[in-house]
Amino acid sequence: MGKELGNADSMFALGFCYQEGDGVEKDKKRAMELFQKASELGHVCAMLNLGISFECGDGVLQNTEEAYHLFQQVMNKGERNALVKIGLCFFHGKGVREDKKKAVSLFKQAADLGQTYAMLHLGNWYLRGNGVPHDQKRGLHLLQQASDLGNSHALVNLAKCFDNGDNVRQDKKKAIELYQRAAIVENTNAMVKLGLSYLNGDGVSQDIEKGVEMFEKASTFGSLYAMFNLAICYEKGEGVEQDQQKAITLYRQASEKGDTSSMFNLADCYLNGNGVVQDEKKAFELYQLASNKGCGNAMVNLALLYLHGKTVPHDKKQALTWLQRAAEIGNSNAMVNLGVCYLRGECVRQDKNKAIELFQCAAEKGDVDAVTKLKVIDVACQWVRKDKKVRE
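Below you will find a few notes about this structure. Everything quoted here is computed from the prediction, not taken from an experiment.

### With respect to the overall build of the protein chain
For the protein chain, the count of helices and strands is 21 helices and zero strands. In terms of overall dimensions, the protein chain has a C-alpha envelope of 100 × 50 × 45 Å along the principal axes. The long-range share in the protein chain, meaning contacts at least 24 apart out of those at least 6 apart in sequence, stands at 39%. Within the structure as shown, the protein chain displays about 21,100 Å² of accessible surface, and the carbon and sulfur contribution to it stands at 46%. Counting 50 positive and 49 negative side-chain charges, the protein chain places the centres of these two groups 6 Å from one another.

So, in structure tokens, the structure goes:
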């Protein structure tokens, strides 16, 4: 048995190398084969990694039921990390029937065993009242507990609470301290938050070069959000010498890895010929790709291309569809454009009340254009009322 476990350790280690491309060419299929063999020999870490791969469809066809089955085996072997994975399966109904009560029970067990990710999730759920009654004190206590045990994600979440005044009194200084603690242990989200804070002088003295430095550091760890923000710095010449080509390279790298904000900005560059040869077809393809991945701004621009028949045939139905999708996910720009359509009777039957409703929703989100349009409508209505009185 000892020899078999030794072989399983070797298989798992080699599988991990193939999965990460560490010392060998990355080969996820080969990694899964090795994890499978090690799992059959009872290797707990191999079972866990194989379960995560089935859960995400990484290197294998996605199969949430198989993932749940593997997590269950790992949990039965006493691995506390599996409690969290099983809990998430029950919470989201992945591979098993949704049961939030069961999920919370599993997370409480894991938290009592010192599992910081269980504390993190439970803390967030209590703060949001998601699956459990809203309990501000308990939620913050759990985030603090996980932070004290070194969980960098808990540090970031706690920092966001102080940063935004969410469930606590706003304290920018405290937020910065927490972001810094998380950044020290290489949490890229914390690095980007610090970068933005230095860039805008939010909670710290403005230091644009320091902000760029944080973006660069997070980019080296593969943060797509950091690459995106760094690209903007190069595009605008903020904290670095302006370099449109460098910006394009960063947008492209992040886009290829799935970052929709970078896809959108890269599409804008192709549409306007900024740093690249103007290519409206390429711009359309990028807007479409980002839209299909849920980017609201890309949906708006895609709709406008269809509406004006630019690069694609004029298609009012497609334009309306994309504006509606973007508005449904809360994009204020889409709400304003859709409101204009209702105001003019373009793509839809004219409906002034619907237009005003959309402008009001966008205005509540801070959209300046929506506020302006509401004022114009209000002034127009006042003139109509005055004119009516004069005629009477």
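Once you've had a look at it, read on.
### Examining the side chain of D259
Tracing the chain through its elements places D259 in the loop between α14 (244-256) and α15 (260-272). The side chain of D259 sits in the buried core without any salt bridge; K293 is the nearest counter-charge, 10 Å away.

### Digging into the pattern of salt bridges
A full pass over the atoms with the stated rule returns nine salt bridges. Here D202 and K172 are joined by a salt bridge, their closest N and O atoms 3.2 Å apart. In this pair, D202 sits in the loop between α11 (188-200) and α12 (208-220) while K172 sits in helix α10 (residues 172-184), placing the two residues 30 residues apart along the sequence. Judged by its relative accessible area of 31%, D202 falls in the partly exposed class. The closest approach of N and O atoms between K354 and E357, which form a salt bridge, is 3.8 Å. You can see K354 and its partner E357 sitting in helix α20 (residues 352-364), three residues apart, about one turn around the helix.

### Brief notes about α10
The end-to-end C-alpha separation of α10 is 18 Å, in line with the 18 Å expected for 13 residues at 1.5 Å each. By the burial criterion, the buried members of α10 are A175, I176, L178, Y179, A182 and A183. For α10, the buried positions fall inside an angular range of 165° around the axis, keeping them on one side. Residues of α10 that are exposed and angled more than 90 degrees away from the buried face: K173 and I184. Contact partners of the buried residues in α10: α9 (152-164), α11 and α12. One or two residues past the end of α10 sits E186, with phi positive at roughly 70°.

### Description of the packing of helix α7 (residues 116-128) against α9
Taken N-terminus to C-terminus, the directions of α7 and α9 make an angle of 25°; their axes are 9 Å apart at the nearest point. Comparing their axes, α9 and α7 come out roughly parallel. Seen along the crossing, α7 lies across α9 with a hand that is left-handed. In contact with Y117, L120, N124 and L127 of α7, α9 contributes H153, A154, N157 and C161. Among the residues forming the contact of α7 with α9, the class breakdown is five nonpolar, three polar and no charged.

### Focus on α15
Since one α-helical turn is 3.6 residues long, residues separated by three or four positions face the same way. Here α15 contains 13 residues, and its C-alpha end-to-end distance of 18 Å stays within 8% of the 18 Å for a straight helix at 1.5 Å per residue. Of all 13 residues making up α15, 10 are buried, and the element is well covered by its neighbours. Residues of α15 that are buried include every one of T260, S262, M263, F264, N265, L266, A267, C269, Y270 and L271, and no others. Looking at the buried positions of α15, the neighbouring elements they touch are α13 (224-236), α14, α16 (280-292) and α17 (296-308). One or two steps after α15, the chain reaches G273, where phi turns positive at roughly 70°.

Here is what the cut-offs are and how they apply
Residues numbered from 1 in each chain as written. Predicted model: local features only at pLDDT ≥ 70, side-chain atom pairs only at ≥ 80, totals over all residues. Heavy atoms only, no water. Helix = DSSP H or I, 4+ residues; strand = E, 2+ residues; numbered from the N terminus. Contact = heavy atoms within 4.5 Å. Areas by Shrake-Rupley, 256 points an atom, 1.4 Å probe, with all protein chains shown as cover. Lys, Arg positive; Asp, Glu negative; His and termini not counted. Charge placed at Lys NZ, Arg CZ, Asp CG, Glu CD. Buried < 20%, exposed > 50% of the residue type's maximum accessible area, 1.4 Å probe, protein only. Salt bridge = Lys/Arg side-chain N within 4 Å of Asp/Glu carboxyl O. Expected span 1.5 Å × (residues − 1). Arc of directions from axis to C-beta. Axes fitted to C-alpha atoms, helices over the stretch in contact; angles between N-to-C directions. Parallel < 35°, antiparallel > 145°, perpendicular 65-115°, else oblique. Left-handed = near helix turned anticlockwise from the far one by under 90°. Nonpolar A, V, L, I, M, F, W, Y, C, P; charged D, E, K, R; others polar.

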